[in-house]
Amino acid sequence: MRINVLGVGFDNLTLREAIDRGAALLDEAGCHYVVTPNPEIVEVCRENPEAMRAVNGAALVLPDGIGVIKGAAMLGTPLKEKTPGIEFAMGLMGKMAERGKSLYLLGAKPGVAQQAAARLKAQYSGLKIAGTHDGYFKEDAPVVEAIRESGADCVFVCLGAPKQELWMEKNGPATGARLLCGLGGSMDVFAGTVERAPKFWSDHGLEWFYRLCKEPKRVGRMLRLPLFLVHVRQEKRSRK
Ligand code: UDP
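Residues numbered from 1 in each chain as written. Predicted model: local features only at pLDDT ≥ 70, side-chain atom pairs only at ≥ 80, totals over all residues. Heavy atoms only, no water.

### Some thoughts on the nonpolar core
Grouped burial of nonpolar side chains is what soluble globular proteins tend to show. By size, the foremost hydrophobic cluster in this structure holds 37 residues, and its most contacted members are Val 5, Val 8, Phe 10, Leu 106, Val 155, Val 157 and Trp 167. A total of four residues in this core trace back to one element, the largest contributor, which is helix α3 (residues 49-56). In this structure, Val 5 is in contact with Phe 10, Val 42, Ala 72, Leu 75 and Phe 228, ignoring residues within four places of it in sequence. (Core = buried A, V, L, I, M, F, W, Y, C linked by side-chain atoms within 4.5 Å. Buried < 20%, exposed > 50% of the residue type's maximum accessible area, 1.4 Å probe, protein only. Helix = DSSP H or I, 4+ residues; strand = E, 2+ residues; numbered from the N terminus. Contact = heavy atoms within 4.5 Å.)

Quick look at the structure:
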C-alpha cells in the first residue's frame with residue numbers, strides 16, 4: 001500500500017528495494033514508468049490534476065528528497081528512507097550493465113545527453129547506450145520513433161517536472177521500452193555539467209540548499225518547499 005503525502009502515493013521502499021523493483025520491471029511485460037517527486041513536485045501536483053494523475057499512475061513513486069520523508073513522518077505514516085532519483089538511476093544502470101540491457105538518454109540541452117552517454121559507458125562497463133536525444137523538441141512523434149527504432153529496454157526521461165511525467169504517461173507504451181524513469185536534472189549530473197551536492201550536504205538533508213546556492217534562480221521554485229510544510233501541517237490537523 002502506498003503512503004499518501006498530500007495526494008501523492010509514495011512506495012515505501014529502501015533504496016536497494018527500489019532498485020531491485022526497477023530492475024524487475026525491465027523483465028515484466030508491458031510498459032512501466034518511475035517518478036521521483038520532491039516537495040516541489042508534490043505542490044505542482046496539488047495545483048495540476050493532470051500532473052497528479054501522471055505521477056500516481058507510475059509503477060514506482062519514489063521520494064526524491066528529505067522533504068517528503070519529513071512530511072510523511074509528520075503525518076504519522078513514515079517512509080523507510082529517501083530514494084533520490086539519481087541514486088536509483090545509478091543502481092539501475094549497474095543492474096542493466098550486468099544484464100546487457102540497453103538505455104536511451106532523453107533530455108537536457110543539445111549535446112548534454114551525448115556527453116552523459118560517453119561518461120556512463122565508461123563508468124558502467126557492459127551498459128549499452130541505445131541512443132540519445134536532447135529535451136528541446138517540438139513534436140513527440142519523431143522522438144518516440146527514434147526510441148522505438150533503437151530497441152531500448154529503458155529510457156531516462158529528463159525534461160523537468162511535470163513535463164517528463166506527462167510525457168512518459170502519454171508516450172511510454174509507444175516507445176516499446178519496458179521502463180521509463182523521470183529523472184529531472186540528473187542528465188546534467190551524468191554529463192558532468194552540473195555537480196551533485198557533496199555527501200555532507202545530502203547527509204544533512206541540505207541538498208536543496210546547496211542547489212539554491214549554486215543556482216539562485218531556483219529561489220522562486222523553492223518557495224514551494226515551505227508551502228509544502230504548511231500544507232502537511234494543515235493535512236495533519238484535518239486528519240485528527
Ligand atoms: N529540460 C528539457 N526540456 C525542457 C525543459 C527542461 O530537457 O523542455 C531539461 C533541463 O535542461 C534540465 C532538466 O530538464 O536538464 C530539468 O532540470 P531541473 O533542474 O528543472 O529538474 P529537477 O531535477 O529540479 O526536477
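### Some thoughts on the packing of helix α7 (residues 140-150) against helix α8 (residues 163-175)
One can describe the packing of α7 onto α8 by two numbers: an axis separation of 9 Å at closest approach and a directional angle of 45°. Relative to α8, the element α7 is oriented oblique. Seen from above, α7 lies across α8 with right-handed handedness. In contact with Asp 140, Val 143, Val 144, Ile 147 and Arg 148 of α7, α8 contributes Trp 167, Lys 170, Asn 171, Pro 173, Ala 174 and Thr 175. (Axes fitted to C-alpha atoms, helices over the stretch in contact; angles between N-to-C directions. Parallel < 35°, antiparallel > 145°, perpendicular 65-115°, else oblique. Left-handed = near helix turned anticlockwise from the far one by under 90°.)

### Quick notes on a positive patch on the surface
A cluster of like positive charges, contributed by Arg 233, Lys 236, Arg 237 and Lys 240, occupies part of the molecular surface. Residue placement: Lys 240 occurs in the segment after α13 (224-239). Taking the relative accessible area as the measure of exposure, Lys 240 reaches 80% and is therefore exposed. (Patch = residues over 30% accessible without salt bridge, like charges linked within 9 Å, V, L, I, M, F, W, Y side chains within 5 Å. Areas by Shrake-Rupley, 256 points an atom, 1.4 Å probe, with all protein chains shown as cover. Salt bridge = Lys/Arg side-chain N within 4 Å of Asp/Glu carboxyl O. Lys, Arg positive; Asp, Glu negative; His and termini not counted. Charge placed at Lys NZ, Arg CZ, Asp CG, Glu CD.)

### Considering the sheet that holds strand β4 (residues 60-61)
Reading across the sheet, the six strands line up as β4-β3-β8-β7-β5-β6 and stay open at both edges, with parallel pairing between neighbours. With partners counted over all chains shown, the strands left at the sheet margins are β4 and β6 (128-133), one partner each. Sheet analysis places strand β3 (residues 32-35) next to strand β8 (residues 179-182), joined by three bridges and oriented parallel. The partner of Tyr 33 across the bridge, within β8, is Leu 180. Contacting β3, β4, β5 (102-107), β7 (154-158) and β8, helix α5 (residues 85-99) crosses the sheet at an angle of about 160° to β7. (Pairing = 2+ DSSP bridges.)

### Some words on the site of the ligand
Taken together, 15 residues form the shell around the ligand, and within it Gly 135, Lys 163, Gly 185, Asp 188 and Arg 218 come nearest. Take Gly 185: an N or O atom from its main chain is 2.8 Å from an oxygen atom of the ligand. Measuring from an oxygen atom of the ligand, one finds a side-chain N or O atom of Asp 188 at 2.5 Å. Expressed as a share of its isolated accessible area of 550 Å², the protein-covered part of the ligand is 79%. (Near = heavy atom within 4 Å. Polar contact = N/O pair within 3.5 Å; in protein donor to acceptor, adjacent residues only side chain to side chain.)

### Thoughts on helix α6 (residues 112-123)
Taking 1.5 Å of rise per residue, twelve residues should cover 16 Å, and α6 covers 16 Å from first to last C-alpha, within 8% of that figure. All of the buried residues along α6 are Val 112, Ala 113, Ala 116, Ala 117 and Leu 120. Buried residues of α6, viewed axially, fall in a sector of 135°; they line one side. Taken together, the buried residues of α6 touch α5, β5, β6 and α9 (186-191). (Expected span 1.5 Å × (residues − 1). Arc of directions from axis to C-beta.)

### Digging into α8
Here α8 spans 17 Å end to end across 13 residues, near enough to the 18 Å set by a 1.5 Å rise per residue. By the largest-angle criterion, Glu 169 marks the main kink of α8, which is about 45°, and a proline, Pro 173, follows within four residues. Among the residues making up α8, those that are buried are Gln 164, Glu 165, Trp 167, Met 168, Asn 171, Gly 172 and Thr 175. Against the buried residues of α8 lie β3, α3, β5, α7, β7 and β8. Directly beyond the C-terminal end of α8, a positive phi value near 80° is found at Gly 176. (Bend = angle between axes of the 7 residues up to and from the residue.)

### Some words on the side chain of Asn 38
Counting through the fold element by element, Asn 38 comes out in the loop between β3 and α2 (39-47). Looking at Asn 38, its side chain comes within polar contact range of the main-chain nitrogen of Ile 41, at 2.9 Å. Once residues lying within four places of it in the same chain are set aside, the contact partners of Asn 38 are Asp 64 and Val 68.

### Regarding the pairing of β5
In terms of burial, β5 is a largely internal element, six of the six residues being buried. Note: β5 against β6, five bridges, orientation parallel. Following the sheet pairing, Leu 105 is matched in β6 by Thr 132. Note that the unit made of β5, α6 and β6 has a crossover that is right-handed. Pairing geometry for β5 and β7, over five bridges, is parallel. Its bridge partner lying in β7, Leu 103 is registered against Cys 154. (Right-handed = clockwise from strand over helix to strand, strands pointing away.)

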